[in-house]
Every structure is written in C-alpha cells, then in structure tokens.
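Per-entry structural report
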Amino acid sequence: MRIRRGTTLALAVLTAGLLAATIPGAAQAAAAPTATPLSLPAVSDVVSAGDRVFVSGGRSSTDVVVANATGAVVGTLSGLPGPTDLLLSADRQTLYVALPSANAIAAFNTGTLVESARYDTGAGECPSSLALTGRYLWFGYGCDQWGGNIGRIDLGRQPALVTTGVATGQDFYGAPLLTAASQNRSVLLAGQSGLSPASVYAYTIGAGGALSAPRENDFMAVGSNLRDIALDPTGTTVFTASGSPYKVQAFPFADISTPSATYDTGAYPSAVEVSRDGTKIAGGADASYDPDVFLFRADGTELAHFELNDELSPGALAWAPNGARVYAVSYDWTGSSPVTLHVLPVPAG
C-alpha cells in the first residue's frame with residue numbers, strides 16, 4: 001500500500017509559492033500558487049468559466065462549490081444528488097452537472113447560479129460523464145459491470161430528446177469517460193476505464209447525431225487503468241492519462257497506435273487537460289513523493305511543475321479560458337486534511 005506523506009493545510013498554504021519549480025526566468029513572471037480548503041467530502045471534477053470556478057463533490061456529496069477566479073469561495077449549488085462530471089457550454093453561460101444518483105443531468109446559469117433545466121436520462125442510468133458537440137449533449141452512463149453505453153440529448157428539440165444506447169454494438173465496463181473538441185463538432189472520444197489494458201474509442205458524428213463505428217487504440221497503446229482523456233480544440237489529437245505508463249500520451253485521432261508526443265509526469269498519471277488555444281498541456285499524477293501537476297508546451301517542453309501536498313483527484317484539472325491559470329483539486333485519502341482548490345499560475349512562454 002502506498003502511503004502519502006501527511007502535511008497540514010497551514011504548511012501547504014505557507015509554502016505553496018516555494019514549491020513551484022520552474023525553468024529559469026519563469027518564476028519571476030508568475031504569481032504564487034494559492035490553496036483554498038473546500039467543504040466537500042471528496043472531489044469529482046473542476047471547470048473554469050473565467051470569473052467563476054466550479055468543483056463537484058462526487059457521489060457522496062450534494063454540493064458543487066463555486067469560487068471566483070482567484071479561488072475564493074463565493075457560493076454553493078446545493079441539494080444535488082451526487083454531482084460528478086461538470087461541463088460548460090461553448091459560451092460558458094451554462095453549467096451541466098451529471099447526477100448519477102438521480103439518473104439526470106442538471107443545467108445551471110453560471111451567472112445567476114439558478115437551475116435552468118433538468119434532463120431525465122431514463123434508461124441511461126447513472127450518467128457520470130459529459131461532452132458537448134453543438135446541439136448534442138452526450139453522456140456516458142452505466143451502473144453495473146458491462147452495462148455502460150453512451151446517451152445523447154438533442155438540445156435543439158423542444159422538449160429536448162433523450163436517446164440511449166447510441167454506441168451500437170459496444171458495451172462498456174462502466175460509464176465511459178467522454179470528451180469532445182471545442183472547435184470540431186464532428187468527433188467524440190470515449191474511454192474505457194477500470195480495465196487493464198485500457199481502451200479509447202474515436203467516433204465520427206454523422207447526420208442526426210449518429211455515431212460511426214469507432215476506431216480503437218492498438219492493444220496496450222494507452223496502457224492500463226485509464227484515468228482521464230482529452231482532445232485538442234481541433235479534434236485531431238487524443239490525450240490519455242493512465243496509471244501506466246508513467247507519462248501522459250498524445251495520439252493522432254485518426255490512428256491511435258503510436259504516440260505522437262509524450263509528457264513525463266512520473267508515477268500514476270491521473271489527469272490531462274488542454275488549454276483553450278491548444279498550445280499547452282496540463283498533466284497530473286498521484287505519486288507519493290513527486291510533483292503532482294505539470295505544465296507543458298505542446299511539443300513536450302516542461303514549463304512548470306507544482307507539488308500539492310496531497311493527492312490530485314483523477315481528472316481534476318482545468319484551464320482558465322485565458323490560459324493564465326490552471327485549477328487543480330486535491331484530496332487526502334486519510335481524511336486528515338480537506339479537499340483543496342489550488343490556483344496555479346501559468347508561466348509566460
């Protein structure tokens with residue numbers, strides 16, 4: 001069993017600015033990292049709308065915490081049954097929240113924090129991951145082993161039309177991870193988590209939101225125990241973070257066989273996120289003695305790395321829309337320190 005070294009929150013905040021190791025000249029150009037404790041029992045996801053940051057508490061929680069751009073808590077979306085994955089609309093004015101405990105997806109206005117809609121996913125039980133391509137809101141669902149699949153909500157219909165089982169002929173071990181490309185509405189990426197070796201599936205979206213037969217990665221190409229996936233804004237590059245190998249990998253969307261680039265994160269990669277302009281990659285790992293979050297240029301050059309002093313939650317990385325900050329959420333598996341929102345400055349360059 002791996003033991004994470006314990007560190008008090010006070011020490012984490014005091015030393016946060018000293019633990020960001022950078023290349024020469026980068027430290028002078030960036031502000032110090034900050035750390036804010038959150039009143040959540042666990043953490044599932046984080047997204048940034050620019051002026052507001054949202055952190056979901058997962059299936060054991062009923063809350064989504066709302067913070068401002070610098071990490072100060074400004075509100076809470078409460079009374080939600082087990083909020084997991086979070087997703088922002090293209091204009092960042094709507095926040096979608098997966099509610100697997102309620103077999104539903106909720107939509108909130110990011111300015112007023114008022115719930116604007118709730119979509120019952122029906123036979124798509126336990127919706128746990130979300131992606132958006134234009135009018136189609138996709139959700140990965142599944143409560144039982146080998147009961148997972150992909151559902152689709154047509155937001156262009158009134159009322160919105162929910163369809164399940166759209167990954168024809170494909171069964172997932174559980175709810176698949178999903179992601180889409182911000183500038184390409186014709187592609188969707190799904191990840192098979194919880195298995196070794198892991199698999200990802202690259203879909204083309206056709207007329208009426210129909211999914212093509214997927215392209216799958218070569219055997220063992222993405223490693224084992226998939227934790228997170230991402231696409232670049234154009235949808236041409238796939239990124240994976242798996243427990244093994246000890247690096248984030250990039251593959252062409254058209255051929256998931258040989259990595260086109262790798263990003264060294266150390267042991268047990270658990271998160272990957274691409275900046276809005278596609279020029280930078282954030283990768284995270286939960287090794288017990290190494291830095292947790294790394295920032296890279298797309299070519300693999302490291303810009304900075306940060307130690308969070310606790311575990312980085314799987315998938316809990318988000319870029320600010322302007323690329324100036326990265327948000328990371330950590331937790332302590334022993335429960336001795338709280339879930340913490342970290343605001344990490346991005347060095348120039």
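Procedures and definitions
- Residues numbered from 1 in each chain as written.
- Predicted model: local features only at pLDDT ≥ 70, side-chain atom pairs only at ≥ 80, totals over all residues.
- Heavy atoms only, no water.
- Core = buried A, V, L, I, M, F, W, Y, C linked by side-chain atoms within 4.5 Å.
- Buried < 20%, exposed > 50% of the residue type's maximum accessible area, 1.4 Å probe, protein only.
- Helix = DSSP H or I, 4+ residues; strand = E, 2+ residues; numbered from the N terminus.
- Contact = heavy atoms within 4.5 Å.
- Phe/Tyr/Trp six-rings, centres within 6.5 Å; stacked < 30°, edge-to-face > 60°.
- Pairing = 2+ DSSP bridges.
- Axes fitted to C-alpha atoms, helices over the stretch in contact; angles between N-to-C directions.
- Disulfide = S-S within 2.5 Å.

Ranked by size, the top nonpolar core spans 17 residues in total, and within it L38, V46, V55, Y327, V329 and L341 carry the most contacts. Every element with two or more residues in this core is listed here: strand 4 (52–56), strand 5 (64–68), strand 27 (311–319), strand 28 (325–331) and strand 29 (340–345). Residues within four places of V329 in sequence aside, it is in contact with V43, V46, V55, E311, L312, S313, A316, V339, T340 and L341.

In this structure the tally under the stated criterion is eight aromatic pairs. Ring centres of F239 and Y263 lie 6.2 Å apart, and the angle between their planes is 45°; this geometry places the pair in the tilted category. One end of the pair, F239, is in strand 20 (residues 237–244); the other, Y263, is in strand 22 (residues 261–264), with 24 residues separating them in the sequence. Y263 shares its class with F239; the two are buried. Relative to F296, the ring of F294 has its centre 6.1 Å away and its plane inclined at 15°; by these criteria the two rings are stacked. Relative accessible area serves as the criterion here: at 7%, F294 is assigned to the buried category. Overall, F296 belongs to the buried group, its relative accessible area being 2%. Through a chain of ring-to-ring contacts, the aromatic side chains of F239, Y263, F294 and F296 assemble into a single cluster.

A separate point is the sheet that holds strand 21 (residues 247–252). The strand order 19-20-21-22 describes an open sheet built from four strands, whose pairing is antiparallel. Edge positions in the sheet fall to strand 19 (224–231) and strand 22, since each has one partner strand and no second. Between one strand axis and the next, the sheet turns by 25° as a mean value, whatever way the strands run. By the bridge criterion, four bridges tie strand 21 to strand 22 in an arrangement that is antiparallel. In the strand pairing of strand 22, K247 is matched with D264.

So, on to the pairing of strand 21. Direction of pairing for strand 20 relative to strand 21: antiparallel, over a ladder of four bridges. Following the sheet pairing, F239 is matched in strand 21 by A250. Taken together, strand 20 and the strand that follows it, strand 21, pair antiparallel across an intervening segment of two residues.

Before going further, it helps to spend a moment on the state of the cysteines. Overall, the coordinates contain one disulfide when judged by the stated rule. Two residues share a disulfide in this structure: C126 and C143, whose sulfurs sit 1.9 Å from each other. Handedness of the C126-C143 disulfide follows from its S-S torsion of about 100°: it is right-handed. Taken as a pair, C126 in the loop between strand 10 (115–120) and strand 11 (127–133) and C143 in the loop between strand 12 (136–141) and strand 13 (149–154) lie far apart in primary sequence, 17 residues in all. Judged by its relative accessible area of 11%, C126 falls in the buried class.

Once that is clear, we can look at the sheet that holds strand 13. Strand pairing in a sheet takes place through backbone hydrogen bonds and is either antiparallel or parallel in direction. Strand order in the open sheet made by the four strands is 11-12-13-14, with antiparallel pairing throughout. Two strands lie at the open edges of the sheet, namely strand 11 and strand 14 (161–163), each paired on one side alone. Averaged over neighbouring strand pairs, the angle between their axes works out to 20° when direction is ignored. Examined bridge by bridge, strand 11 and strand 12 share six bridges and lie antiparallel to one another. Following the sheet pairing, A131 is matched in strand 12 by W138.

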